[in-house]
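Take a look at the letters that make up each chain.
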Amino acid sequence: MSSTNFVLAIDQGTTNTKALLVTADGRVLHQASVPNTVTYPQPGWAEQSATALVDGVRQVIAQVVAKAGASTIVAVAISNQRESIVVWDAATGEPIGPCIIWQCRRSAPKCEFLRAAGHADAIERKTGLALDPLFPAAKIAWLLDNVSGARARAERGELRVGTVDSWLLWSLTNGAVHATDHSNASRTQLFDTAALQWDADLANLFDVPLSMLPEVRSSDSNFGHLAEGATALPAGIPIHAMIGDSHAALFGHGVRTPGAVKATYGTGTSLMMLTGERVLSSHGISSTIAWSQNGQPVHALEGNISVSGQSAAFMAEMLGLTDAAALSELAESVPNSNGVSFVPALVGLGAPYWRSDARGTLTGMSLGTKPAHLARAAIEAIAFQVADVFSAMQRDITVRLAELRADGGASQNGFLMQFQADVLGRPVTTGGAPEVSALGAAALAFAGLGIATSTVPETKRYIPTISENDRAAHLFRWHGAMAQTLHTQPRTGTNGGELS
C-alpha cells in the first residue's frame, strides 16, 4: 500500500467534533473542527442533540474533503466521547430522545436504588466500574422509563441503543451495522469484562433489554463501509477502527506495557494505565478494557474526573473573563492562591471519591482574596484532582509509576503542567500534538490495515521544582477543602504524600 494513503480520523468529543487527515507516520495534513452544544435542562442534567452530533461529523468530513479530496483516504477511524448514550428507532434511525452525556446525573436515583438493594459490589466485580450515574446502563433505563412508549417498543425489539461510536456507525452506514468495540462496551456497566460479553444479569438489574445492544467487536475491526450519500466521502470506504477517546490517547502515546500513566485533559480528565491482566481496584479506580486487537483485549485501570478543564472555563465566566487562557494569565499574576481552594464538583465527583451528591465549593477565602487567587485555585484544582487519581492508581499496583504523559488541550498550558509535576512529585511529559485521541484512532486503523505507524513524539518534559514539604502542604490544603466538600474530617497526611 502506498505511503500516500491516509486515514481520516474522526474525534467526536463533548466540546468539539474534529476530523484529521493522518499519515502513517503521524503527520496531520488537514483538519477541521466544529463546536458542540451541551444543554443543562435541570440541575445535574447534561445532554446533546444526537442528530447534531452526526451533522457535525458530516460537516468536518466535508471540510477536510474540500481541502484534500478523497482519493487517497483508505479508511475512517472513530474516537468518541464515552459513557454518552443514544436510543433510536431501528426502522427509521430517528433518536427517541437526546444524547444523554457522560456528565449527566439524572440516573442517580436508579443507582442509589441498586446500591440500597445491595447490588453495587456484584456490579463492580463483573464490570470493574463503581455504581455511578457516569456510566450508561442506568441512563438507558431512564430513557426507556421517561419517553412515552419506549419501554414497550424496546421489549418488542423496535429500538437500538449505543454509545456515540455505535450511533455514528449506524448513521454513516445508513443502518447497515449496529456494533461497538470492547473499549466502549467496557464502559457501559452492562458488559462482563472477564467473560467479554453482554451480561444478562446486569441487563436485568438495570432493566435494559439485551436486544437493544450492539455487537461487540475488536477495536481494530472493519466495522462496515460508508453508505452512499452518508458523507462527502465516496461510498465503500471502510470504518476500520472504533475506540473510546481516552483509550485512543493511550494508544497514540505508544503505551503498550504497564508502568506509564497518561492523562487526557479535556472537559473532564481521564487517567489510564495498562495492567496486563484484569485488575480490580481497591481505591476507587475503574477497571476497563483499553482496546482489543484481533480479538485479544488489553486491560487497564482508569480514573475519571468529571470536571477539570471545564472548571477553568466555568471560573473564567464567573470572573467575567473571555476564556480559560485569560484565566490562566490572571492566575500566573500571583505567586500562590493565598489559601484559596476550589473543588469543582459541579456535577458531583468521580474517581477516586465517587460522590454524585457533591457540589462545587470555594474554601479559604479572606478579605485578602482577589480574583487572581480564585483564578489560580481553579487552575490548581485540575492538577490536584489528577494527583488524587494518580495516587490511587499507585496504591493499586506494585510497579512504581515513574511519570505522567499528558495530552489534550490543557496539556499545552505550561503553567498547569509545571504545577502538575510539582504536586505529583513526578515528571510530566507532553506530546507533540494535542489531538492524540484522533492520532491514536488513526494508528489503530493503520494497524488493522497492516501498516506500521509512528507514535506521537514527546516535546516537553516538566520536572518537579518544589520541596517535599511544600508539596505536602499544597496537598494537605487541597484535601482539607475536599473534606469540607464531602462533609468529612480531613485525613492525617495526604494521598499525594504516600507516593515515593
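All figures in this text were calculated on a predicted structure; none of them were measured in a lab. (Residues numbered from 1 in each chain as written. Predicted model: local features only at pLDDT ≥ 70, side-chain atom pairs only at ≥ 80, totals over all residues. Heavy atoms only, no water.)

Trainee: Before we move on, can you summarise the overall build of the protein chain with the specific residues and values?
Mentor: Within the protein chain, the regular secondary structure consists of 15 helices and 22 strands. For 500 residues, the compact-globule formula gives about 23 Å, and the C-alpha radius of gyration of the protein chain, at 22 Å, lands near that figure. Oriented by its inertia axes, the alpha-carbon framework of the protein chain measures out at about 65 × 55 × 45 Å. Burial status across the protein chain gives 60% buried among its 500 residues. Only carbon and sulfur atoms are counted for the fraction: they give 52% of the accessible area of the protein chain, which is about 17,800 Å². The distance from the centre of the 34 positive side-chain charges to the centre of the 42 negative ones in the protein chain is 2 Å. (Helix = DSSP H or I, 4+ residues; strand = E, 2+ residues; numbered from the N terminus. Rg over C-alpha atoms; globule rule 2.2 N^0.38 Å. Buried < 20%, exposed > 50% of the residue type's maximum accessible area, 1.4 Å probe, protein only. Areas by Shrake-Rupley, 256 points an atom, 1.4 Å probe, with all protein chains shown as cover. Lys, Arg positive; Asp, Glu negative; His and termini not counted. Charge placed at Lys NZ, Arg CZ, Asp CG, Glu CD.)

Trainee: How would you sum up the sheet that holds strand β13 (residues 239-244)? Please name residues and give values.
Mentor: Pairing in this open sheet of five strands is mixed, and the strands run β3-β2-β1-β5-β13 from one edge to the other. A single partner strand is all that each edge strand has here, and the edge strands are β3 (28-35) and β13. Averaged over all neighbouring strand pairs, the angle between strand axes comes to 15°, with direction disregarded. By the bridge criterion, six bridges tie strand β1 (residues 6-12) to strand β2 (residues 16-22) in an arrangement that is antiparallel. (Pairing = 2+ DSSP bridges. Axes fitted to C-alpha atoms, helices over the stretch in contact; angles between N-to-C directions.)

Trainee: Lay out the pairing of strand β20 (residues 404-407) in plain terms, naming residues and giving numbers.
Mentor: Taken together, the four bridges between strand β14 (residues 261-265) and β20 define a ladder with parallel strand orientation. Residue pairing for β20: Lys262 is matched across the bridge by Arg405. Sheet topology note: the β20/strand β21 (residues 428-431) ladder contains three bridges and is parallel. Within β21, the residue paired with Ala406 across the bridge is Thr430. In the classification by handedness, the crossover that spans β20, the intervening helix α13 (residues 414-424) and the parallel β21 is right-handed. (Right-handed = clockwise from strand over helix to strand, strands pointing away.)

Trainee: Mind laying out the confidence of the model for the protein chain, listing which residues take part and the relevant values?
Mentor: Of all residues in the protein chain, 95% have pLDDT values of 70 or greater, and the mean over the chain is 92. With pLDDT under 50 throughout, residues 489-498 is counted as low confidence; its partners more than four residues away or in other chains account for 23 contacts. (pLDDT = per-residue confidence, 0-100. Contact = heavy atoms within 4.5 Å.)

Trainee: Could you give an account of empty space enclosed by the protein, naming the residues involved and the relevant values?
Mentor: Over the atoms, a rolled probe matching the size of one water molecule traces out where space is still vacant. Per the stated rule, a full pass over the model turns up two cavities of 30 Å³ or more. One number sums up the size of the largest cavity: a volume of about 80 Å³. Lining the largest cavity are 15 residues, with Gly162, Thr163, Thr188, Trp198 and Leu213 positioned closest to its centre. Those elements giving two or more residues to the lining of the largest cavity turn out to be α4 (136-146), β8 (159-163) and α7 (182-185). The element best represented in the lining of the largest cavity is β8, accounting for three residues. The calculated volume of the second largest cavity comes to roughly 60 Å³. Lining the second largest cavity are Ile305, Ser306, Leu349, Gly350, Ala351, Pro352, Tyr353, Gln385, Asp388, Trp478 and Met482. At the level of elements, α12 (371-396) and α15 (468-486) are the ones that each hand at least two residues to the lining of the second largest cavity. Class assignment for the residues of the lining of the second largest cavity results in seven nonpolar, three polar and one charged. (1 Å grid on protein atoms, 1.4 Å probe; cavity = no way out; pocket = protein on both sides within 12 Å on 5 of 7 lines; lining within 4 Å. Points joined across faces, edges and corners; volume = space filled by probe spheres on them. Nonpolar A, V, L, I, M, F, W, Y, C, P; charged D, E, K, R; others polar.)

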